[in-house]
Amino acid sequence: MTGAAARPTAGAGLGALAVLLASVLWGTTGTAATFAPEVGPMAIGAAAMGLGGLLQALVAGRRIAGARAELRAQWRTVLVGGAGVALYPLAFYTSMHLAGVAVGTVVSIGSAPLASALIERFADGRTLTRRWLAGAALGLAGTVLLCAAEAAQAGAGTGTGSARQTVVGVLLGLIAGLTYAVYAWAAHRLITRGVTSRAAMGAVFGLGGLMLVPVLLATGAPLVASWANAGVGIYMALVPMFTGYVLFGYGLSRIPVSTATTLSLLEPAVAAVFAVLVVGEHLPALGWTGIALVIACLGVLTAPSRPSRRLSAAKAPEPGQEPGREREVTWALDAPPGTPDW
């Protein structure tokens with residue numbers, strides 16, 4: 001492979017790695033929230049995404065100012081992305097509160113790849129590859145098994161009230177998955193239209209953070225009631241949200257949205273492992289099988305594209321053709337040059 005062809009593939013690999021690292025950080029949020037049980041899900045979500053988003057905008061302030069013309073020209077995309085950022089944590093953390101950490105995380109993150117694929121298909125005209133379809137199928141199968149494993153353990157509390165809460169939690173998880181796909185698509189659209197990743201993420205998340213400030217003011221009193229609660233809020237804002245989304249923005253500048261959201265299926269697997277190791281929950285064999293399928297999904301999506309060799313049929317030289325050029329050997333990646341096979 002030539003150096004020119006290797007660089008885009010390497011860039012896509014680094015982008016995938018950044019999204020995977022972000023997913024590991026996001027996978028800690030459910031466990032972290034258990035250390036502040038008296039803080040409601042709306043307050044946790046508003047603090048994590050709101051403060052994290054405002055911090056992103058603050059750090060990227062100079063880049064946002066430098067890209068103000070491009071951002072102003074695409075203000076609708078910024079507004080849609082900001083609304084997605086504001087709605088996502090409210091739906092996501094309430095989903096975990098009602099349906100449980102594992103089910104809420106699995107439904108929210110597991111539905112995002114399908115939502116992002118549909119958005120890319122209809123908004124951008126992107127064709128889904130067989131490789132993506134295979135990886136998404138493995139990942140979704142794994143998340144379904146994780147969800148089933150969690151449901152199997154919820155033997156107690158299966159009355160009508162519990163069932164109703166679970167259904168509402170699942171519906172909120174689907175809303176969270178859709179809003180996650182929306183703001184990821186908006187940020188990626190800005191990046192591919194000339195805005196740097198830091199400016200795009202700072203603008204979208206900063207606007208979303210501003211929208212979450214009233215929610216934080218209305219519900220955030222318990223966060224300052226103790227040092228433990230404040231520590232959880234600070235951790236959520238700085239590590240999973242600020243650092244995680246800086247990594248996610250880096251990844252979005254190098255890989256498609258549908259790939260990024262599919263790679264983030266690592267998050268529920270990480271959340272399940274942390275629930276076992278830190279919180280003390282028990283994960284049955286079905287759940288570990290689900291984690292194995294998620295890892296297989298990541299392997300399918302992140303494996304380097306295999307070069308294929310196309311040989312044209314040997315034939316006699318045409319009149320005027322140079323000797324020795326009767327047969328041409330062409331090396332090609334599975335996708336066009338500069339386009340990773342996602």
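Here the structure is a predicted model, which is why all the values come from computation and not from measurement.

**Quick notes on the side chain of Thr179**
Here Thr179 shows up in helix α9 (residues 160-192). Taking relative accessible area as the criterion, Thr179 reaches 8% and is therefore assigned buried. Here Ala176 takes part through its backbone oxygen, which lies 2.9 Å from a polar atom of the side chain of Thr179. Beyond its immediate chain neighbours, meaning those up to four positions away, Thr179 contacts Gly84, Leu87 and Tyr88.

**Points about the environment of Gln165**
The topology assignment puts Gln165 in helix α9. Residue classification places Gln165 among the partly exposed residues on the basis of a relative accessible area of 43%. Taking the C-alpha atoms as reference points, Gln165 and Ala99, separated by 66 residues in sequence, lie 6.5 Å from one another.

**Observations concerning the packing of helix α3 (residues 41-59) against helix α11 (residues 227-252)**
As a packed pair, α3 and α11 sit with axes 8 Å apart at the nearest point and diverge in direction by 50°. Of the possible angle classes, the one that applies to α3 and α11 is oblique. Like other packed secondary-structure pairs, α3 and α11 cross with a definite hand, here right-handed. Between α3 and α11, the residues in contact are Ile44, Ala47, Ala48, Met49, Leu51, Gly52, Leu55, Gln56 and Val59 and Val232, Met236, Ala237, Leu238, Met241, Phe242, Tyr245 and Val246, respectively.

**Things to note about the packing of helix α10 (residues 197-219) against α11**
In the contact formed by α10 and α11, the axes pass within 9 Å of each other and the chain directions differ by 125°. The angle between the axes of α10 and α11 places the two elements in the oblique class. As α10 packs across α11, the resulting crossing turns out to be right-handed. Packed against α10, whose contacting residues are Ser197, Met201 and Phe205, the element α11 presents Tyr245, Phe248, Gly249 and Leu252 at the interface. Here the residues of the contact of α10 with α11 are counted per class, giving five nonpolar, two polar and no charged.

**Some words on empty space enclosed by the protein**
Overall, the coordinates contain four cavities of 30 Å³ or more when judged by the stated rule. A volume near 50 Å³ is recorded for the second largest cavity. As for the second largest cavity, its lining consists of Trp26, Thr29, Tyr88, Phe92, Tyr93, Tyr180, Tyr183, Met241, Tyr245 and Glu267. Taken together, the elements giving at least two residues each to the lining of the second largest cavity come down to α6 (75-99), α9 and α11. Here the lining of the second largest cavity takes three residues from α6, the largest share from any one element. Tallied by class, residues from the lining of the second largest cavity come to eight nonpolar, one polar and one charged.

**Some thoughts on the packing of aromatic side chains**
Under the defined criterion, the tally for this structure stands at 13 aromatic pairs. Ring plane angle 35° and centroid distance 4.8 Å describe the contact between Trp26 and Tyr245, whose orientation is recorded as tilted. Here the residue Trp26 occupies a position in helix α1 (residues 3-26), and Tyr245 occupies one in helix α11, the gap between them amounting to 219 residues. Comparing Trp26 with Tyr245, the two get one shared label, buried. Centre to centre, the rings of Tyr245 and Phe248 are 5.9 Å apart; their planes meet at 85°, and the pair counts as edge-to-face. One end of the pair is Tyr245 and the other is Phe248, both in helix α11 and three residues apart, which spans about a single turn. In terms of burial, Tyr245 and Phe248 fall into one category: buried.

**Some details on the environment of Gly202**
Position of Gly202 among the secondary structure elements: in helix α10. Relative accessible area serves as the criterion here: at 1%, Gly202 is assigned to the buried category. Along the backbone, Gly202 and Val246 are 44 residues apart, and their C-alpha atoms lie at a distance of 9.0 Å. Filtering out sequence-adjacent residues up to four positions away, Gly202 remains in contact with Gln56, Ala57, Ala60 and Ile64.

**Notes on the environment of Ala260**
Mapped onto the elements of the fold, Ala260 is located in helix α12 (residues 257-263). When the C-alpha positions of Ala260 and Gly249 are compared, they lie 9.9 Å apart, and in sequence the two are 11 residues distant.

**Notes on a nonpolar patch on the surface**
A cluster of nonpolar residues, Leu14, Leu17, Leu21 and Tyr250, forms a patch on the protein surface that exposes about 350 Å² of accessible area. Tallying contributions element by element places α1 first for the nonpolar patch, with three residues. You can see Leu17 is positioned in helix α1. The partly exposed category is assigned to Leu17, whose relative accessible area is 45%.

**What to know about α6**
Look at α6: 36 Å from first C-alpha to last across 25 residues, which is about the 36 Å you get at 1.5 Å a residue. Of all the bends found along α6, the most pronounced is centred on Leu87 and spans about 25°, while Pro89, a proline, follows it within four residues. Within two residues after α6, Gly100 carries a phi angle of roughly 100°, on the positive side.

**Some remarks on the nonpolar core**
For soluble globular proteins, nonpolar side chains are generally found buried alongside one another. With 81 residues, the main nonpolar core has Met49, Tyr88, Tyr245 and Phe248 as its most contacted residues. The element contributing the most residues to this core is α9, with 11 residues.

Calculation criteria
Residues numbered from 1 in each chain as written. Predicted model: local features only at pLDDT ≥ 70, side-chain atom pairs only at ≥ 80, totals over all residues. Heavy atoms only, no water. Helix = DSSP H or I, 4+ residues; strand = E, 2+ residues; numbered from the N terminus. Buried < 20%, exposed > 50% of the residue type's maximum accessible area, 1.4 Å probe, protein only. Polar contact = N/O pair within 3.5 Å; in protein donor to acceptor, adjacent residues only side chain to side chain. Contact = heavy atoms within 4.5 Å. Axes fitted to C-alpha atoms, helices over the stretch in contact; angles between N-to-C directions. Parallel < 35°, antiparallel > 145°, perpendicular 65-115°, else oblique. Left-handed = near helix turned anticlockwise from the far one by under 90°. Nonpolar A, V, L, I, M, F, W, Y, C, P; charged D, E, K, R; others polar. 1 Å grid on protein atoms, 1.4 Å probe; cavity = no way out; pocket = protein on both sides within 12 Å on 5 of 7 lines; lining within 4 Å. Points joined across faces, edges and corners; volume = space filled by probe spheres on them. Phe/Tyr/Trp six-rings, centres within 6.5 Å; stacked < 30°, edge-to-face > 60°. Patch = residues over 30% accessible without salt bridge, like charges linked within 9 Å, V, L, I, M, F, W, Y side chains within 5 Å. Areas by Shrake-Rupley, 256 points an atom, 1.4 Å probe, with all protein chains shown as cover. Salt bridge = Lys/Arg side-chain N within 4 Å of Asp/Glu carboxyl O. Expected span 1.5 Å × (residues − 1). Bend = angle between axes of the 7 residues up to and from the residue. Core = buried A, V, L, I, M, F, W, Y, C linked by side-chain atoms within 4.5 Å.

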